[in-house]
Amino acid sequence: MRPGMLAPLAAAMLALTGCASAPPVADRAQVTGAVTYRERILLAPPGMVTVTLADTSLADAPARVIATQVIEGATAPPFNFSLDYDPAQIIPNHTYTVSARIEVDGRLRFINDTQVPVITRGAPTHVEIVAVAVPQR
């Protein structure tokens, strides 16, 4: 092979390699944010934060869960989250909300008590969730 042919041959091989790559992954989107609470305490022992994205459009039916993230070993807020979802599954006239709960030793310690709308109807995709304390007995 002639020395001048090596560079064009290598470029052609690289171009063909790109054609053989895997098909692109379906489009994904995210709802991001942070969970906090007003009390100035640490979670001891470390807690577990569960954040859920759900379709809450139907008042007389259970919410349809779209995505969930569990953050283990949580000790101090803010607890940042990122929920991936498929935009093709989003129905524009439905209501989507994010909820959060914080457990320590399997007992519920904090939960959000208000709806946090996301994605549709002008709602954001980055939110701050303020959880409230659950009375302990």
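All figures in this text were calculated on a predicted structure; none of them were measured in a lab. (Residues numbered from 1 in each chain as written. Predicted model: local features only at pLDDT ≥ 70, side-chain atom pairs only at ≥ 80, totals over all residues. Heavy atoms only, no water.)

A.B. asks: Describe the side chain of aspartate 55, listing the residues and the values that go with them.
C.D. replies: The topology assignment puts aspartate 55 in strand β2 (residues 47–55). With a relative accessible area of 8%, aspartate 55 lands in the buried category. Only 2.7 Å separates the side chain of aspartate 55 from the side chain of histidine 94, close enough to count as a polar contact. Dropping the residues within four chain positions of it, aspartate 55 is found in contact with Ala63, Arg64, Ile66, His94, Thr95 and Tyr96. (Helix = DSSP H or I, 4+ residues; strand = E, 2+ residues; numbered from the N terminus. Buried < 20%, exposed > 50% of the residue type's maximum accessible area, 1.4 Å probe, protein only. Polar contact = N/O pair within 3.5 Å; in protein donor to acceptor, adjacent residues only side chain to side chain. Contact = heavy atoms within 4.5 Å.)

A.B. asks: Go over the pairing of strand β5 (residues 96–104), please, and point to the residues and values.
C.D. replies: Of all nine residues that make up β5, seven are buried, and the element is covered over most of its length. Of the pairings in the sheet, the one linking β2 to β5 comprises eight bridges and is antiparallel in character. In the sheet register, leucine 53 faces β5, and the bridge partner there is valine 98. Alignment of β5 against strand β7 (residues 117–118), held across two bridges, turns out to be antiparallel. Looking at β7, one finds that threonine 97 is bridged to proline 117. Here β5 runs beside strand β6 (residues 107–111); their pairing, made up of four bridges, is antiparallel. Pairing of valine 104 across the sheet is with arginine 107, part of β6. Remark: two residues form the turn of the hairpin made by β5 and β6, two consecutive strands paired antiparallel; aspartate 105 in that turn has positive phi of roughly 55°. (Pairing = 2+ DSSP bridges.)

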